[in-house]
Amino acid sequence: MKMITRRDFLKASAVVGATAALTACGGGDSSSTAASSTASSAPASSAAEEPAEEAAGGATIGICIYQFADNFMTLYRADLEEYLGELGYAVTIMDGKNDQSTQTEQINTFLQQGVDVLIINPVQTTSAQTIVDTISPSGIPIVFINREPDKAVLDSYPDKCCYVGADARQSGTYQGELILETETQGDINGDGVITYIMCKGDPENIDAQYRTEYSIKALTDAGKQVECLYEYLDNWDQTLAQQDVANALAQYGEQIEVVFCNNDAMALGALQSIQQVGRTVGTDIYLVGVDALADAVQAVMDGNMTGTVLNDDVGQATAATEATRLYVEGEPVEQYYWVDYVKVTPENAAEYL
Ligand code: GAL
């Protein structure tokens, strides 16, 4: 049951796109099956079941994910493997283990193997230029995903480098709006100030920076007064957020009216601590995240989270697959592909399970 509505619904368009894309492709040999060397949990791709004439002619795609132990990127990489496999590409996915030098070695290995396209979710966005400089002599195109490099980085490898992502400002704004849409507009104790704590993702990551800034900007733009009790560096991590929110609840108690989390993993950690001290979301505290992980959507439906924001892995993986296909086929590729976020509330949450 879980995930079927959201993923099947969103995937339907991806499959239509992929099928249409396949009409231009021919050939296909034994190498044109998806191979997942290190994506331990991912099943063999359905590409092996595709009719041979629908395979794309054996393109090989190297994918570098910053860290497999990341809930959202786990959804994303499973989508990528599936959609690229449906195009008949041989796909290898590597776990950067949140270590840039490990990822750099993996990129060098892909270069030696001579893959056709690299899809890169950099460990450090600030290393994106070095990554491009390493790859560009080979002429291999790069699709950056999830962690947006500076435009100058994309410009430095013209026609060979693009970014697929979502504008994190939108997700932050939606988080603020979710709070403004509550009965008390975030001011539970009615003192005229929205008092909050913030659980932040990796501080170098533009998603974390923008969500932190724009969630609060939505409140102040609406004329609200805000007070930040503390910003915790929880690195997208559920356990860290659980500990920090437990400490915050002990330290600040009833003062905390809103817990903003830059992602759902941290919001789920926060929820554990909120429940542990007997606080009730929607009654004496509000809680918002981003990603629309299945557990968070369920929590929204159950009233245990005020809301979340869909970070559309299916849409982003579809766009990244399409950019990859265009590179493989030598067609023009845009520099940016943007996918919208969607506000998830108790009213529409069932659509995103
Ligand atoms: C964000 C996502 C986080 C985490 C991060 C990794 O877009 O919301 O949960 O996956 O990307 O860069």
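Residues numbered from 1 in each chain as written. Predicted model: local features only at pLDDT ≥ 70, side-chain atom pairs only at ≥ 80, totals over all residues. Heavy atoms only, no water.

**Student:** Before we go on, may I ask you to explain the overall build of the protein chain in this structure?
**Tutor:** Of the regular secondary structure elements, the protein chain holds 11 helices and 12 strands. Long-range contacts, defined here as pairs at least 24 residues apart, represent 76% of the contacts in the protein chain between residues at least 6 apart. (Helix = DSSP H or I, 4+ residues; strand = E, 2+ residues; numbered from the N terminus. Contact = heavy atoms within 4.5 Å.)

**Student:** I would appreciate a short explanation of the sheet that holds strand E6 (residues 193–200) in the present structure.
**Tutor:** Strand order across the open sheet formed by four strands is E7-E6-E8-E9, with parallel pairing between neighbours. Bordering the open sheet on either side are strand E7 (225–233) and strand E9 (286–288), each of which pairs with just one other strand. With strand direction ignored, the average angle separating the axes of adjacent strands in the sheet is 20 degrees. Sheet topology note: the strand E8 (residues 258–261)/E9 ladder contains three bridges and is parallel. Looking across to E9, one finds that valine 259 is bridged to leucine 287. (Pairing = 2+ DSSP bridges. Axes fitted to C-alpha atoms, helices over the stretch in contact; angles between N-to-C directions.)

**Student:** How should I be thinking about the packing of aromatic side chains in this particular structure?
**Tutor:** Summed over the entire model, instances satisfying the criterion amount to six aromatic pairs. Residues tyrosine 230 and tyrosine 232 carry aromatic rings whose centres are separated by 4.7 Å and whose planes lie at 45 degrees to one another, so their mutual orientation is tilted. Exposure remark for tyrosine 230: the relative accessible area of 44% places this residue in the partly exposed category. Here tyrosine 232 falls in the buried class, since its relative accessible area comes to 8%. Ring pairing ties together the aromatic residues Tyr163, Tyr336 and Trp338, which thus form one cluster. Stacked on the ring of tyrosine 66, the Lys or Arg arginine 147 has its end atom at 3.7 Å from the ring centre. (Phe/Tyr/Trp six-rings, centres within 6.5 Å; stacked < 30°, edge-to-face > 60°. Buried < 20%, exposed > 50% of the residue type's maximum accessible area, 1.4 Å probe, protein only. Lys NZ or Arg CZ within 6 Å of the ring centre and 35° of its normal.)

**Student:** Whenever I open this one, the sheet that holds strand E3 (residues 117–120) confuses me. Can you help?
**Tutor:** Whether parallel or antiparallel, the strands of a sheet pair through hydrogen bonds between backbone atoms. On the basis of which strands lie adjacent, the open sheet formed by six strands has the order E2-E1-E3-E4-E5-E11 and parallel pairing. Two strands close off the open sheet at either side, each with one partner strand: strand E2 (90–95) and strand E11 (336–338). Within the sheet, the average angular offset between the axes of one strand and its neighbour, ignoring direction, is 15 degrees. In the sheet, E3 pairs with strand E4 (residues 142–145) via three bridges, with the strands oriented parallel. Within E4, the position partnered with isoleucine 119 by the bridge is valine 143. Those strands touched by helix H3 (residues 100–113) are strand E1 (60–65), E2 and E3, and its axis lies near 175 degrees from that of E1.

**Student:** What am I meant to see in the nonpolar core here?
**Tutor:** Across soluble globular proteins, nonpolar side chains show a tendency to be buried alongside one another. Judged by nonpolar contacts, the single largest core of 68 residues is most densely connected at Val143, Ile145, Val259 and Leu287. Counting residues in hydrophobic clusters, the runner-up holds 19 residues, among them Ile120, Ile131, Ile142 and Val153. (Core = buried A, V, L, I, M, F, W, Y, C linked by side-chain atoms within 4.5 Å.)

**Student:** Looking at this structure, how should I read the site of the ligand?
**Tutor:** Looking at the ligand, the residues that line it are Tyr66, Asp70, Phe72, Asn146, Arg147, Asn205, Asp207, Arg211, Trp236, Asn263, Asp291 and Asn311. The side chain of aspartate 207 places a nitrogen or oxygen atom 2.7 Å from an oxygen atom of the ligand. Protein chains shield 99% of the accessible area of the ligand, which is 310 Å² for the free molecule. By residue class, the composition of the shell around the ligand is three nonpolar, four polar and five charged. (Near = heavy atom within 4 Å. Polar contact = N/O pair within 3.5 Å; in protein donor to acceptor, adjacent residues only side chain to side chain. Areas by Shrake-Rupley, 256 points an atom, 1.4 Å probe, with all protein chains shown as cover. Nonpolar A, V, L, I, M, F, W, Y, C, P; charged D, E, K, R; others polar.)

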